[in-house]
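Survey of secondary and tertiary structure
Residue strings, one per chain:
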Amino acid sequence: MNRLSNVEFMLLQIIAESKQASGYQINKLIELRGYREWANIGTTSIYAGLQKLKDKQLIRSEDSGHKSGKGPLPSTYVMMEAGIEALRNEIIISLTSARERDNRFDLGLAALPFIRKNEAVEALRKRQDFLDETLRNIEQKYESQGGYRLPLHVRALFLHPMSFIENEKTFVANLISELIGELEGHAHDD
């Protein structure tokens with residue numbers, strides 16, 4: 001079970017990347033990167049997520065020190081040590097076991113810079129195992145129900161996810177290969 005919601009996961013990534021950010025800056029970054037299109041995150045969700053992260057003691061807020069216009073002094077959010085650890089754990093979990101075409105996996109990919117390359121390779125290898133097992137289970141159900149003798153619309157319900165999983169396996173294998181290449185490249189630089 002995920003300790004963090006997708007919104008909280010995304011917010012931790014943005015705060016880790018920015019070092020410190022106000023709610024307004026976070027909102028602008030989410031808009032710029034098009035996260036709203038696939039993550040279903042509104043302004044209210046951002047502030048509720050920030051509050052939850054504070055309650056979990058993963059981030060803290062500080063007065064920004066600058067004020068423009070009327071109203072209270074805006075807060076900026078910074079990571080706490082527990083937040084960095086929670087982010088690392090969520091990245092590894094999301095890369096390891098999120099379902100095919102899961103936004104959680106995409107969030108894990110977006111956060112790759114926050115874990116070591118060897119951790120990413122290990123998590124992605126576990127994802128390959130997860131995808132292999134998922135594919136085997138679907139293929140087993142497909143065959144037990146009649147396989148290619150099934151009506152087209154029923155076959156399609158099996159073949160569609162099987163096709164996605166095959167493509168995902170290729171993508172993950174290529175990503176692992178690139179990460180290993182980068183690891184070996186850095187080893188030669190030393």
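Residues numbered from 1 in each chain as written. Predicted model: local features only at pLDDT ≥ 70, side-chain atom pairs only at ≥ 80, totals over all residues. Heavy atoms only, no water.

- Named according to an unreviewed UniProt entry, the protein is PadR family transcriptional regulator originating from Paenibacillus sp. SYP-B3998.

**Some points on the packing of aromatic side chains**
- If you walk through the whole model with that rule in mind, you get 1 aromatic pair.
- Centre to centre, the rings of Tyr142 and Phe158 are 5.5 Å apart; their planes meet at 55 degrees, and the pair counts as tilted. One end of the pair, Tyr142, is in helix α7 (residues 117-144); the other, Phe158, is in helix α8 (residues 152-189), and 16 residues separate them in sequence. Accessibility assignment for this pair places Tyr142 and Phe158 in one class, buried.
- Here Arg127 stacks its cationic end above the ring of Phe105, 3.7 Å away from the centre of that ring.
- Over the ring of Tyr148 we find Arg149; its NZ or CZ atom is 5.5 Å from the centre of that ring. (Phe/Tyr/Trp six-rings, centres within 6.5 Å; stacked < 30°, edge-to-face > 60°. Helix = DSSP H or I, 4+ residues; strand = E, 2+ residues; numbered from the N terminus. Buried < 20%, exposed > 50% of the residue type's maximum accessible area, 1.4 Å probe, protein only. Lys NZ or Arg CZ within 6 Å of the ring centre and 35° of its normal.)

**Thoughts on the nonpolar core**
- Core analysis: the biggest nonpolar cluster contains 47 residues, and Leu12, Ile26 and Ile30 have the highest contact counts within it.
- At the level of secondary structure, the elements contributing two or more residues to this core comprise α1 (6-18), α2 (23-33), α4 (43-55), β3 (75-79), α5 (81-97), α6 (103-110), α7 and α8.
- Beyond its immediate chain neighbours, meaning those up to four positions away, Ile30 contacts Met10, Leu11, Ile14, Tyr35, Arg36, Ile41 and Ile46. (Core = buried A, V, L, I, M, F, W, Y, C linked by side-chain atoms within 4.5 Å. Contact = heavy atoms within 4.5 Å.)

**Remarks on the pattern of salt bridges**
- Counted under the stated rule, the structure contains 9 salt bridges.
- Its salt-bridge partner being Lys117, residue Glu182 comes within 3.3 Å of it at the nearest N-O pair. Highlighted residues: Glu182 in helix α8 and Lys117 in helix α7, separated in sequence by 65 residues.
- Across the pair Glu168 and Arg127 runs a salt bridge whose closest N-O atoms are separated by 3.1 Å. Here Glu168, found in helix α8, pairs with Arg127, found in helix α7; they are 41 residues apart in sequence, far enough to count as distant.
- A residue is classified by how much of its surface remains accessible, and Glu168, at 11% relative accessible area, is buried.
- Because the salt bridges share partners, they merge into one network encompassing Arg88, Arg116 and Glu119. (Salt bridge = Lys/Arg side-chain N within 4 Å of Asp/Glu carboxyl O.)

**What about the confidence of the model for the protein?**
- With 87% of its residues at a pLDDT of 70 or more, the protein has an overall mean of 87.
- When pLDDT is averaged over each element of the protein, α7 comes out on top at 94 and helix α3 (residues 35-39) at the bottom at 66. (pLDDT = per-residue confidence, 0-100.)

**Things to note about α2**
- Three or more residues of α2 are buried, namely Gly23, Ile26, Asn27, Leu29 and Ile30. Projected down its long axis, α2 shows its buried positions confined to an angular sector of 160 degrees, all on one face. For α2, the exposed residues lying more than 90 degrees away from the buried face are Tyr24 and Leu32. (Arc of directions from axis to C-beta.)

**Some points on the packing of α2 against α4**
- Running from N to C, α2 and α4 cross one another at 130 degrees; their axes reach a closest spacing of 10 Å. In this view, α2 runs oblique relative to α4, as classed from their interaxial angle. Here α2 and α4 pass one another in a crossing that is right-handed. For the pair formed by α2 and α4, the contact residues are Gly23, Tyr24, Ile26, Asn27 and Ile30 on the first element and Thr43, Ile46, Tyr47 and Leu50 on the second.
- Of the residues that constitute the contact of α2 with α4, the class distribution is 6 nonpolar, 3 polar and no charged. (Axes fitted to C-alpha atoms, helices over the stretch in contact; angles between N-to-C directions. Parallel < 35°, antiparallel > 145°, perpendicular 65-115°, else oblique. Left-handed = near helix turned anticlockwise from the far one by under 90°. Nonpolar A, V, L, I, M, F, W, Y, C, P; charged D, E, K, R; others polar.)

**Quick word on α4**
- Given a rise of 1.5 Å per residue, 13 residues ought to cover 18 Å, and the 19 Å separating the end C-alpha atoms of α4 matches this to within 8%.
- Looking only at α4, the buried set comprises Ile46, Gly49, Leu50 and Leu53. Angularly, the buried residues of α4 cover 100 degrees about the axis, an arc narrow enough to put them on a single face. Counted as exposed and oriented over 90 degrees from the buried face of α4: Thr44 and Asp55.
- Two residues or fewer past α4, Gln57 is found with a positive phi of approximately 60 degrees. (Expected span 1.5 Å × (residues − 1).)

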